[in-house]
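Topology and contacts: notes
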Amino acid sequence: MKYVDEYRDSAIARKLLDEIHRITTRPWALMEVCGGQTHTLVKQGIDEALPAGVRMIHGPGCPVCVTPLEQIDKALAIAVRPDVIFTSYGDMLRVPGSTTDLLALKARGADVRIVYSPLDAVRIAAANPDRQVVFFAIGFETTAPANAMAVAQAARLGLDNFTVLVSHVLVPPAMCAILESPSNQVQAFLAAGHVCAVMGWTEYEPIAARYHVPIVVTGFEPLDLLEGILMAIRQLESGRAEVENQYVRAVTREGNREAQEAVSRVFDVGDRKWRGIGMIPSSGYHLRPEFGGFDAEARFDVGAIHTAEHPACIAGEILQGTKTPLDCAAYGTLCSPQKPLGAPMVSTEGVCSAYHSAGRGLAAPYALPLYELTRSDR
Amino acid sequence: MCLGIPGKVVEIRDDGAMRMATIDYGGARKEACLAYVPEVGLGDYVIVHVGFAISQLDEEEALRTLELLRMIDEEGMAMELGSAAGNGGGGALTAPAAGSAPPPGAS
Amino acid sequence: MREKRAAADPFAAPPDPANMTCPAPIPERARVLLGHGSGGQLSAALMRDVIAPALAASSPGGPLNDAAVVEVAGQRLAFTTDSFVVSPLEFPGGDIGELAVNGTVNDLAMMGAQPLALSLAYVIEEGLPIEDLRKVTESVARAADRAGVRIVTGDTKVVGRGAADGLFVNTAGIGLVADGVAVGADRAAAGDAIILSGPIGLHGVAIMSIREGLDFEVEIASDTQPLNSLVAAILAVCPEVHVLRDPTRGGLASALNEIAAASGVGIELREDSIPIPGPVRAACEMLGLDPLHVANEGKLVAIVPASSVEAVLAAMRALPEGAEAVEIGRVVADHPAMVTVRTIVGSQRIVDMLVGEQLPRIC
């Protein structure tokens, strides 16, 4: 695949890694923001191949993981209704709510459908005028333009049976929250490449300046991450704290103007709760009042929601980067991808599932003992 | 957070108010919305996320970076880290501007 | 800024799923999920925790296998059954009829058996166009002919609308295992070579491309085909082949994990040698899926003593079904029950089994 395979070249990867080793003279702690970046680092063993003192702290950039439990429970309460077709990105289906998840509801007969694009949800609404179609609009800034277009399109078509359950979160406030924390150890960031493809990187300049942290806008392929880490460490070693762009093929400083305008026409910035972290002011999007008619939370009365996280789940500390899955007592035992206690284990971009799939910290064999296959002695 | 993959625009059509395209990812084709990349045309590459092109892939930049990456020798980066003018920094391997002094450092 | 979790939410002790009563929802673990049919870890758990224990009394000697060998008058008779529930009934490269024949023929072949005869049972949803039924049955006939087996018995039932996805097909098959052939998932030994008969991911991607909600175009077709001739060719040069396995649901990764666990060995793959067609890679990238987890219907894995590799490859490549046969890895004594590949930085990473159903993702 063009513009993908080239960034997976193992010879160049090793050379970048050698250069990182050559220039690193001190211990450093870097945070990669995006779950997709975490996944690549763990899957390719890049974080374990870095110089001994360099630590990658995994950031909260997994929208599935940080969608507040209340929103999941609301989604479940809406999805069980017989008049509703509940549409969602595939990632959300296995995320545990307080008592169940969307996939289980689907197994029990709820009309839950996976969509690839929010426009598919609008199409379903147009094709099913006698049903209520709800779309679970989650994501970071990368996904907001698509979700905004779905609302705009539904408005254009005059659909009265389409609503969105919004749970959008923003990266820069989360970075500040992490930097403000007294237990923060992050000294540099790899910013999320596709978030920046939409938003540009102007918002990161004041952060780099105020907290004196290098921020490198980084892509998602192994060579992107290695190059981004190299650039960040070069800054750290020379005492600089600037915003740089590794992902030059996809990101410009101003980002995508059309996308940003479309988002601000439909959404407003407001406070948002992050699952496991708590309330971060001005860290999310809400529908503007003029689009209030498309708000699923207004259309459906879901009653009082009492959320309950599993007490053994330390997702909050994982998402803040203060602990790793290896610090979790339930990891690999009570909690696994087949029976996740929390979101980071179920999301393919979550830290816990990345670690588990890579077999980290698990005793072998961890595979379930399987039914016996054909034996040779019969 | 962002499963965005690069693909080539092989067909464009108008779907009411939205400009839609067929994107080829190297043998698999799927539709995507071009509303956010109005300057993109046939044959261009875009980054697609949930059915929307969010950015045009700058092929020149991509090829330039790959060239520089391939030129890395064992004694380390011959290239000095530089800021492409006015762009706030562009890649670990920005070549020095033509006519400037050779970069200090390894090799 | 950040609040502690406990202060933000009023939560009592979490509900204990085992003690919940109505009207609280039943926890998901008490219901069968689509994922239980995917061939990965959930399927294995269902077999181990529910089906096998219930059958233990009538199946002394162990849980049910995918196929079985019974001794009849000094001969070893292989016996297998499989149900086919694919929807839609027709897909690029084949239909449910062809799949039903090839699937059972291949299950027999993977036991080293020469397939002899198949049964064919239909569960038809009321309202299915008769023409569709005719087309599927003609496919069955063609596929059986190609594989050299006869359909000798069958059954037909009709159920009400909505009770079946158009048509469910079950085939059962019998075959003969020649003397000296002892193929089994538990027979892989350290040092063995792992051979794959051709490119992977074709069937799964072909099916996904026409699945509602996904809707993409690929110029590939399902690879469904009978493999009994290929197996016969392998056995002719290497009667002591250790393992034969067709990586269907759950993909290559799940099949190899099962073999590694059954044999108590490790497997190390050379990822670069695994042939993955461009369109399969592109479709998987687009949807966020791993090609190693995608189903195949006309491919096999053969695990043979290292000394036989060249002979087996030559024998396979002489047939169209094995034209692209290639060695993809080795069996090792290290990390038993684990399958690994090299990472981009030269370390090893684990190739996991598929968990539940493959869901396309945005992250």
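Residues numbered from 1 in each chain as written. Chains lettered and ligands numbered in written order. Predicted model: local features only at pLDDT ≥ 70, side-chain atom pairs only at ≥ 80, totals over all residues.

1. A word on unusual backbone geometry
Keep in mind that most residues, glycine aside, have a negative phi and that most peptide bonds are trans. Residue and element names in this part refer to chain A. Let me state the cut-off plainly: Under the DSSP-based scheme used, a helix requires at least four consecutive residues in state H or I and a strand at least two consecutive residues in state E, with every element numbered from the N terminus. Buried means a residue has 20 or more other C-beta atoms within 10 Å of its own C-beta, exposed means 12 or fewer, and partly exposed covers the counts in between; C-beta atoms are placed from the backbone.
A positive phi is found at histidine 212, a non-glycine position, where the angle reads about 50°. Position of histidine 212 among the secondary structure elements: in the loop between helix 11 (204-211) and strand 8 (215-218). With 12 C-beta atoms packed within 10 Å, histidine 212 lands in the exposed category. If you check the backbone angles, serine 282 has positive phi at about 50° while not being a glycine. Mapping serine 282 onto the fold places it in strand 11 (residues 278-287). Using a count of 12 C-beta atoms within 10 Å as the deciding quantity, one classes serine 282 as exposed.

2. Observations concerning the pairing of strand 13 (residues 326-332) of chain C
All names here are of chain C. Keep this limit in mind: Being paired, for any two strands, means DSSP has found at least two bridges between them.
As paired elements, strand 8 (residues 193-196) and strand 13 share 4 bridges and run antiparallel to each other. Bridge pairing links isoleucine 194 to glycine 329 in strand 13. As judged from the 4 bridges shared by strand 11 (residues 266-269) and strand 13, these two strands associate in the antiparallel manner. The residue of strand 13 that forms the bridge with leucine 269 is glycine 329.

3. A word on the interface of chain A and chain B
Definition in use: Remark: residues whose backbone-derived C-beta atoms lie within 7 Å of one another are considered to be in contact. Put simply, Ala, Val, Leu, Ile, Met, Phe, Trp, Tyr, Cys and Pro go in the nonpolar bin, Asp, Glu, Lys and Arg in the charged bin, and everything else, Gly too, in the polar bin.
Listed by partner, the interface residues are 50 residues for chain A and 39 residues for chain B. Sorting the residues of the side of chain A that touches chain B by element identifies helix 1 (10-23), helix 2 (35-43), helix 7 (118-127), helix 8 (144-157), helix 10 (193-199), helix 12 (222-237), strand 9 (243-245) and helix 13 (257-266) of chain A as the ones contributing at least two each. In terms of residue class, the side of chain A that touches chain B is made up of 26 nonpolar, 10 polar and 14 charged.

4. Side note on the sheet that holds strand 1 (residues 28-34) of chain A
All names here are of chain A. For clarity, the cut-off: Helix axes are fitted to C-alpha atoms over the stretch in contact, other axes to C-alpha atoms as well, and angles between N-to-C directions run from 0 to 180 degrees.
Read from one edge of the open sheet, 5 strands run 2-1-7-8-9, paired in parallel fashion. Both outer strands of the open sheet, strand 2 (54-61) and strand 9, are each paired with one neighbouring strand and no more. Looking at each pair of strands side by side, their axes are set apart by 25° on average, direction ignored. Sheet strands touched by helix 2: strand 1, strand 2, strand 7 (188-192) and strand 8. Its angle to strand 1, the strand with the most contacts, is close to 120°.

5. Focus on the sheet that holds strand 5 (residues 132-139) of chain A
All names here are of chain A. Taken together, 6 strands build an open sheet; the order of strands is 4-3-5-6-11-10 and the sheet is mixed. Because the sheet does not close on itself, it has two edges, and the strands there are strand 4 (112-114) and strand 10 (267-274). The average undirected angle you get between the axes of adjacent strands in this sheet is 25°. Judged from the 7 bridges that link them, strand 10 and strand 11 form a sheet pairing that is antiparallel. Looking across to strand 11, one finds that tryptophan 274 is bridged to glycine 278. Of the strands in this sheet, strand 3 (84-88), strand 4, strand 5 and strand 6 (162-169) touch helix 5 (residues 69-79), which is tilted by about 165° from strand 6. The sheet contacts of helix 7 involve strand 3, strand 4, strand 5 and strand 6, and relative to strand 5 the element is tilted by about 170°.

6. Focus on the domain arrangement of chain C
All names here are of chain C. As a reminder of what qualifies: Domains are outlined according to an automatic or database domain assignment.
For chain C, the domain assignment lists domain 1 (67-177) and domain 2 (193-350). When each unit is reduced to the centre of its C-alpha atoms, the spacing between domain 1 and domain 2 is 23 Å. On the domain 2 side, the residues contacting the 18 residues of domain 1 number 21 residues. With 6 residues, the single largest contributor to the side of domain 1 that touches domain 2 is helix 3 (residues 96-109). Split by residue class, the side of domain 1 that touches domain 2 holds 10 nonpolar, 6 polar and 2 charged.

7. Some details on the packing of helix 1 of chain A against helix 12 of chain A
Residue and element names in this part refer to chain A. As a reminder, the rule being used: Here is the rule for angles: anything less than 35 degrees is roughly parallel, anything more than 145 is roughly antiparallel, 65 through 115 is roughly perpendicular, and the remaining ranges are oblique. Rotating anticlockwise by less than a right angle from the far helix to the near helix defines a left-handed crossing, while the corresponding clockwise rotation defines a right-handed one.
One can describe the packing of helix 1 onto helix 12 by two numbers: an axis separation of 10 Å at closest approach and a directional angle of 15°. Considered as vectors, helix 1 and helix 12 are oriented roughly parallel to each other. In this structure, the crossing between helix 1 and helix 12 has a hand that is left-handed. In this structure, helix 1 uses Ile12, Ala13, Leu16, Leu17, Glu19, Ile20 and Ile23 to contact helix 12, whose residues at the interface are Pro222, Leu223, Leu226, Glu227, Ile229, Leu230, Ile233, Arg234 and Glu237. Grouping the amino acids of the contact of helix 1 with helix 12 by side-chain chemistry returns 12 nonpolar, no polar and 4 charged.

8. So, the environment of Val183(C)
Residues and elements named next belong to chain C. Topologically, valine 183 is positioned in the loop between strand 7 (167-177) and strand 8. Among the residues examined, valine 183 registers 26 C-beta atoms within 10 Å and is labelled buried. Residues valine 183 and glycine 329, spaced 146 residues apart in sequence, show a C-alpha to C-alpha distance of 19 Å.

9. A short note on helix 4 (residues 130-147) of chain C
All names here are of chain C. Worth spelling out the cut-off: In this analysis, the expected span of each helix is defined as 1.5 Å times one less than the number of residues it contains. Note that the arc is defined by the directions from the helix axis to the C-beta atoms.
In this model helix 4 runs 26 Å from its N-terminal to its C-terminal C-alpha over 18 residues, within 8% of the 26 Å that 1.5 Å per residue would give. Of all the residues in helix 4, the buried ones are Val136, Ser139, Val140, Ala143, Ala144 and Ala147. Projected down its long axis, helix 4 shows its buried positions confined to an angular sector of 130°, all on one face. Helix 4 presents Ile130, Glu131, Arg134, Glu138 and Asp145 as exposed residues on the side facing more than 90 degrees away from its buried surface. Contact partners of the buried residues in helix 4: strand 4 (94-95), helix 3, strand 5 (113-125), strand 6 (150-159), strand 7 and helix 6 (228-237). Of the residues one or two after helix 4, glycine 148 is the one with positive phi, at around 75°.

10. What about the environment of Ala144(C)?
Residue and element names in this part refer to chain C. Relative to the helices and strands, alanine 144 resides in helix 4. For the pair formed by alanine 144 and aspartate 82, sequence separation is 62 residues and the distance between their alpha carbons is 15 Å. Once you skip the residues sitting within four places of it in the chain, alanine 144 turns out to touch Val101, Leu118, Val149, Arg150 and Ile151.

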